Every structure is written in C-alpha cells, then in structure tokens.
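Listed below are the residues making up each chain.
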Amino acid sequence: MKKTNTNAFKQACEYIVGGVNSPVRAFLNVESEPIFIDHGKDALLVDIEGKSYIDYVQSWGPLLFGHCDKDIVKACKKALKKGSSFGAPTLAETKLAKLVLQDFPHLSKIRFVNSGTEATMSAIRLARGFTGREKIMKFEGCYHGHSDSLLVSAGSGAATFNTPSSLGVLNELAQKTLVATYNDIQSVKALFDEHRDIACVIIEPIAGNMGLVPAKQEFLEELSELCKENGTLLIFDEVMSGFRASFLGSYGINHIEADIVTFGKVIGGGMPAAAFASRDEIMNFLSPLGGVYQAGTLSGNPLAMAAGIASIKKAKEDKNLFERLGKLARRLTLGFSEAAKINQIPFQSVYVGSMFGYFFNDNEILNYQDALKSDLKLFSKFHQNMLKRGVYLAPSQFETGFICDKMNEKIIDFTIEAAYESFKNL
Ligand code: PLP
C-alpha cells in the first residue's frame, strides 16, 4: 500500500478508535484528514509523504525550542543511557523542582505527575482535602484536562444547574462543579452568594482552550479577593500558559499569587511531565505526609525530568527569549489581521508572549459565548487552505497557536503571505 496520509489514516482507523489517540488530532473540526508525521526539525514538521509544514502547534505547546532542540536531545540521550525509569527518587527531580520553584515566592513545594490532567485532578483533590469542602468552581470554556469533576459545562437557565460534558461523568459529580462566566465577576459573586462551601476555584488565567482569551487584570484581582474572603483556594491552571505567556506564565504578567498552580507542557520539554505546586501548609496534606492520596509509577521519570531541566534552564538563562518570541507573535498576528482586512474577512487576532490566537469574528471576545459566535465554516476553509500552503495550524477555532524559538521573521512573513492567499480564497 502506498505511503500516503489517507492510507495511513485508513489503517489507523482499523486499530485505533477514530484513528487517533486524542480527539482533536482527527481534524473533524476542519473537515479534513490528519497528516501523519514522519519527523520534526526546528520549526518544521515533515509528513510521511515528505511534505514539510511550518508547525504552529508545537505538540500543543510543550516545544518552546522547536523540534529536536540539540540541548534537549543531548540531555535525554544522557539520561536514557543511565536507565529509562526506576520508580525511585533521582537527583533530577530535585533539580527541576528547584529550577521551577526558585522564581515563585508563593510556591514552596511541588509534585511531579505525567500529564496536565493528572495535575489539575490532583490539585482539586488536594483543595478538597485541605478545605474539607466538596464543591468546586470552574469557568465555561476553560479546559483543564479530562478528569470527571472538570468535564462539566454550564447548563442553560439557572447558573447552578450544571451538566456533564461527557457521557460517563456522573450527574452527582457534575452537581458539585459550579460553572461561572470568564471575565465576569458578577457570575462568580452570584455563585459565592449561593454556595458558602466551595473548596476551590480553578481557572486558566490566560485561557487558551476557547481560542486565546486573556483574563482581565481587574477580574483576576477581584477573583483572588473573593476566594480569600470565602476561604476558597484559587488554582491557576498554567499547564498551557506556564513558561509560554512569559517565563513565569500569568504570574509574570498579572502578579497574582494563586494558592495552587498547575504546570505541564513546557515543564516536560516535550516528554510527559506536569506538576502542581503550592505552599507547605497545603502541600503537606499530600501523601506521604498527609491524607490526600496521589501517586504515579512514572511520576518524575528521569527522561522527562532531563528534558524538563534542559528546557526550563534554557528558557531561564536566555533573558531575551520572551521578548524575541513576543515580537514574532506580534508580527504574525498583525500580519494576519491586515491580510484579513484587505480581504474583508471578519477577523481579530491576539497574542500573549509566545501564544497567539485568532477568531473569525469581529466582536470583542471576553468569554466562551463570545468565542462561539465565530464563523467556524470560514475557520475550517482557512485551515484547509493554510495546510495546502505548508502551514500547520491547530485544527480548531478554539485552540491556541505557539511560536517556537526556531522561528524567524522570514518564516512569519511566509505564513502571512500564505494567510493572505488563503483569505483571498475564502
Ligand atoms: N490544562 C490546560 C490549561 C490545558 O491546556 C490542558 C491540555 O491542553 C490540560 C490542562 C490537560 O493537559 P494534558 O493534555 O497533558 O492532560
């Protein structure tokens, strides 16, 4: 059988549910088939047909330094020679813990896990254990991984009537998850007025899962105050924004000290690692010191720690990194907006550090309902057009794009030109 993306997808579908191991990879939102990757190099992906693409997905965020960064590859090779997993402590775990915690005055202890899902799930269990309360609050349009308590959407009508957003999630559990509106402090106040027993509020302080929608500074400040007043822990989910929006994620921009912070993606340098961190008072509730159970066979895996150390160290030592990445993101988003304007397409774009987003929608976007009003048909056609021109963008209107340090103005300008031609074709 000829080695084509179409044949590869057909074969994959025979053995793997929907042909993919994570749903958005199936490209259903853009009415296409996925490309199958042979390898990546710097800013590029090469598919099994030999075609190359500028990669703005960057594995959904982890690859701050692009594909096969030589320092990360070297660190992984060195670690692998010593053994791939021990299920026992290594010096690398302490080294990465120290590297991460050093710059956050409000975080003194960390626990490494394997995925962002585990990090947020465990952070919520910890918050429930610490406060002795059951209810949690999240925001419509924020994604925190696929643990049961977090797969809940706002129900219509009464603000407190919430429904599971997946089959298999218990209604009883969904009832414990209250859903507020992003950037709308009144919706938060209303829930606090009605429910005195909320263990934690979890939020993406720079939302990247309804497209890129940064929270307003004032909103985050008021949210933090409300949490304090109500004895509720504030969890900032920085799985995506950590080491991406700025080196210190939202903390480097908003300077708000959440009680618990979750990390993922860049912290593992492209290997499966994530973490949650807080102050001693809270973290000491975690096993083996406290009664909140949390564990993992591969947690703190030496390869993942090696990639994480190489990645975080490189980002920390390069004082101009985020200025450089931000300039490229700015150039790209301005270029997209200009190209859309010339072609009279309803469009807006936004960037924060190395993250960027765009909507086929010219109304202000403050929350998920605003984002939903985007023209998904136009998005889908734009995506198909860009892929044909060798630009690999996230295959959904409600995702974020990522700049990596192997990109340059030439690459960005090529992308803007492709966008111009794609808009012309819509
Ligand atoms: N939290 C946020 C903000 C995310 O963007 C994601 C994944 O994209 C997760 C949590 C879940 O992380 P993972 O896919 O590693 O389980």
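Residues numbered from 1 in each chain as written. Predicted model: local features only at pLDDT ≥ 70, side-chain atom pairs only at ≥ 80, totals over all residues. Heavy atoms only, no water.

- For the protein, the name recorded in an unreviewed UniProt entry is Glutamate-1-semialdehyde 2,1-aminomutase, with Campylobacter sp. CCS1377 as its organism.
- According to its UniProt record, the protein has this under Pathway (unreviewed entry): "Porphyrin-containing compound metabolism; protoporphyrin-IX biosynthesis; 5-aminolevulinate from L-glutamyl-tRNA(Glu): step 2/2." (UniProt positions renumbered as here; feature names shortened; annotations may be inferred.)

**Re the nonpolar core**
One recurring pattern in soluble globular proteins is that nonpolar side chains are buried together.
Working step 1: Of all hydrophobic cores here, the largest spans 106 residues; its most connected members are Tyr 56, Phe 139, Val 188, Ile 203 and Ile 403.
Working step 2: Viewed by domain, this core spans two of them, domain 1 (5-68 + 319-425) and domain 2 (70-317), each represented by three or more residues.
Working step 3: Ile 124, Ala 274, Phe 276 and Leu 286 belong to the second largest nonpolar core, which has 19 residues in total. (Core = buried A, V, L, I, M, F, W, Y, C linked by side-chain atoms within 4.5 Å. Buried < 20%, exposed > 50% of the residue type's maximum accessible area, 1.4 Å probe, protein only. Domains from an automatic or database assignment.)

**Quick word on the UniProt feature "modified residue: N6-(pyridoxal phosphate)lysine" (unreviewed entry) in the protein**
Working step 1: With numbering matched to this structure, UniProt assigns "modified residue: N6-(pyridoxal phosphate)lysine" (unreviewed entry) to Lys 265.
Working step 2: Among the secondary structure elements, Lys 265 is positioned in the loop between β13 (260-263) and β14 (274-278).
Working step 3: A relative accessible area of 24% places Lys 265 in the partly exposed class.
Working step 4: Once residues lying within four places of it in the same chain are set aside, the contact partners of Lys 265 are Trp 60, Gly 61, Pro 62, Val 239, Met 240, Gly 270 and Ala 273. (Helix = DSSP H or I, 4+ residues; strand = E, 2+ residues; numbered from the N terminus. Contact = heavy atoms within 4.5 Å.)

**Here's the deal with the site of the ligand**
Working step 1: Taken together, Ser 115, Gly 116, Thr 117, Tyr 143, His 144, Gly 145, Glu 204, Asn 209, Asp 237, Val 239, Met 240 and Lys 265 make up the full set of residues adjacent to the ligand.
Working step 2: Asn 209 is positioned with one of its side-chain polar atoms (N or O) 3.0 Å from an oxygen atom of the ligand.
Working step 3: For the ligand, a nitrogen atom lies 2.6 Å from a polar atom in the side chain of Asp 237.
Working step 4: Across the shell around the ligand, the residue classes break down as three nonpolar, six polar and three charged. (Near = heavy atom within 4 Å. Polar contact = N/O pair within 3.5 Å; in protein donor to acceptor, adjacent residues only side chain to side chain. Nonpolar A, V, L, I, M, F, W, Y, C, P; charged D, E, K, R; others polar.)

**Considerations on the environment of His 255**
Working step 1: Note that His 255 resides in the loop between α8 (251-254) and β13.
Working step 2: As for His 255 and Gln 217, which are separated by 38 residues in sequence, their C-alpha atoms are 9.3 Å apart.
Working step 3: A distance of 3.5 Å separates a polar atom in the side chain of His 255 from the backbone oxygen of Ile 253.

**What about the pattern of salt bridges?**
One side chain can pair with another of opposite charge once the charged atoms of both are near each other.
Working step 1: Enumeration according to the criterion identifies 19 salt bridges in this entry.
Working step 2: Note that Asp 318 is salt-bridged to Arg 324, the shortest N-O span being 2.7 Å.
Working step 3: Measuring nitrogen to oxygen at the nearest pair gives 3.6 Å for the salt bridge that ties Glu 421 to Lys 424. One end of the pair, Glu 421, and the other, Lys 424, are both in helix α14 (residues 409-424), three residues apart, so they sit about a helical turn from each other. (Salt bridge = Lys/Arg side-chain N within 4 Å of Asp/Glu carboxyl O.)

**Thoughts on the pairing of strand β3 (residues 52-55)**
Working step 1: The pairing of strand β2 (residues 44-47) with β3 spans three bridges and is antiparallel. Note that in β3 the partner of Val 46 across the bridge is Ser 52.
Working step 2: Judged from the two bridges that link them, β3 and strand β17 (residues 391-392) form a sheet pairing that is parallel. Residue pairing for β17: Asp 55 is matched across the bridge by Tyr 392. (Pairing = 2+ DSSP bridges.)

**Here we look at the sheet that holds β3**
Working step 1: Strands sit in the order β1-β2-β3-β17 across an open sheet of four strands; the sheet is mixed. At either margin of the open sheet sits one strand with a lone partner, and together these are β1 (37-41) and β17.

**Some remarks on the domain arrangement of the protein**
Working step 1: Splitting the protein by domain gives domain 1 (5-68 + 319-425) and domain 2 (70-317).
Working step 2: Domain 1 and domain 2 are separated by 25 Å when their C-alpha centres are compared.
Working step 3: Listed as interface residues are 33 residues of domain 1 and, on the opposing side, 34 residues of domain 2.
Working step 4: Summing the contributions of domain 1 and of domain 2, the shared interface buries around 2600 Å²; its carbon and sulfur component is 63%.
Working step 5: Applying the counting criterion to the domain 1 and domain 2 interface returns one salt bridge.
Working step 6: Glu 364 is paired through a salt bridge with Lys 216; the nearest N and O atoms lie 3.9 Å apart.
Working step 7: Inspection of the region where domain 1 meets domain 2 yields twelve residue pairs in polar contact (both at pLDDT 80 or more).
Working step 8: Of the residues forming the side of domain 1 that touches domain 2, the biggest block, four residues, is contributed by strand β16 (residues 355-359). (Buried area = accessible area lost by both parts, 1.4 Å probe.)

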